Amino acid sequence: MDLRKDLVEQHLPKLRFYYGATDHWCPKHHYYNMKEMFPDHDKIHLCTDNLRHAFIIDGNEVMS
């Protein structure tokens, strides 16, 4: 994963990361990598609701 950790750390309080458990665009191991890099950040989530990747397009209320 190419990630500017310094840049993410600088803006971490403003960021939320949401990973789909079945998202083929962003594999689940990306979630685990982020949790390892930023273990104290409480806004890194792995979906437990089986939402499809297109939840953004569908405007799913769960994400509101």
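Coordinates for the structure precede this section.
Residues numbered from 1 in each chain as written. Predicted model: local features only at pLDDT ≥ 70, side-chain atom pairs only at ≥ 80, totals over all residues. Heavy atoms only, no water.

Undergrad: Can you lay out the overall build of the chain for me, pointing to particular residues and giving the numbers?
TA: Looking only at helices and strands, the chain features 3 helices and 2 strands. Written out in order from the N terminus, the α and β elements of the chain read α-β-α-β-α. In the chain, which comprises 64 residues, the proportion classed as buried is 23%. Here the contacts in the chain between residues at least 6 apart in sequence split such that 62% fall between residues at least 24 apart. (Helix = DSSP H or I, 4+ residues; strand = E, 2+ residues; numbered from the N terminus. Buried < 20%, exposed > 50% of the residue type's maximum accessible area, 1.4 Å probe, protein only. Contact = heavy atoms within 4.5 Å.)

Undergrad: Describe the packing of aromatic side chains, with residues and values.
TA: One pass over the structure, following the stated rule, counts 2 aromatic pairs. Centroid distance Y31 to Y32: 5.0 Å. Interplanar angle 70°. Geometry classified as edge-to-face. The class of Y31 is buried, set by a relative accessible area of 14%. These aromatic residues form a ring-pair network of at least three members: Y19, Y31 and Y32. (Phe/Tyr/Trp six-rings, centres within 6.5 Å; stacked < 30°, edge-to-face > 60°.)

Undergrad: Can you break down the nonpolar core residue by residue, with the values?
TA: Counting 8 residues, the largest nonpolar core is built from V8, L12, F17, Y19, Y31, M34, F38 and I44. Listed by contribution, the elements that provide at least two residues to this core are β1 (17-19) and α2 (28-37). Sequence-distant contacts of V8, that is, excluding residues within four places in its chain, are made with L3, L15, F17 and F38. (Core = buried A, V, L, I, M, F, W, Y, C linked by side-chain atoms within 4.5 Å.)

Undergrad: I'd like a description of the side chain of H41, backed by residues and values.
TA: Residue position: H41 is located in the loop between α2 and β2 (44-46). A polar contact of 3.0 Å, which involves the side chain of H41, links it to the backbone oxygen of L15. With residues near it in sequence (within four places) discarded, H41 still touches L12, L15, F17 and K35. (Polar contact = N/O pair within 3.5 Å; in protein donor to acceptor, adjacent residues only side chain to side chain.)

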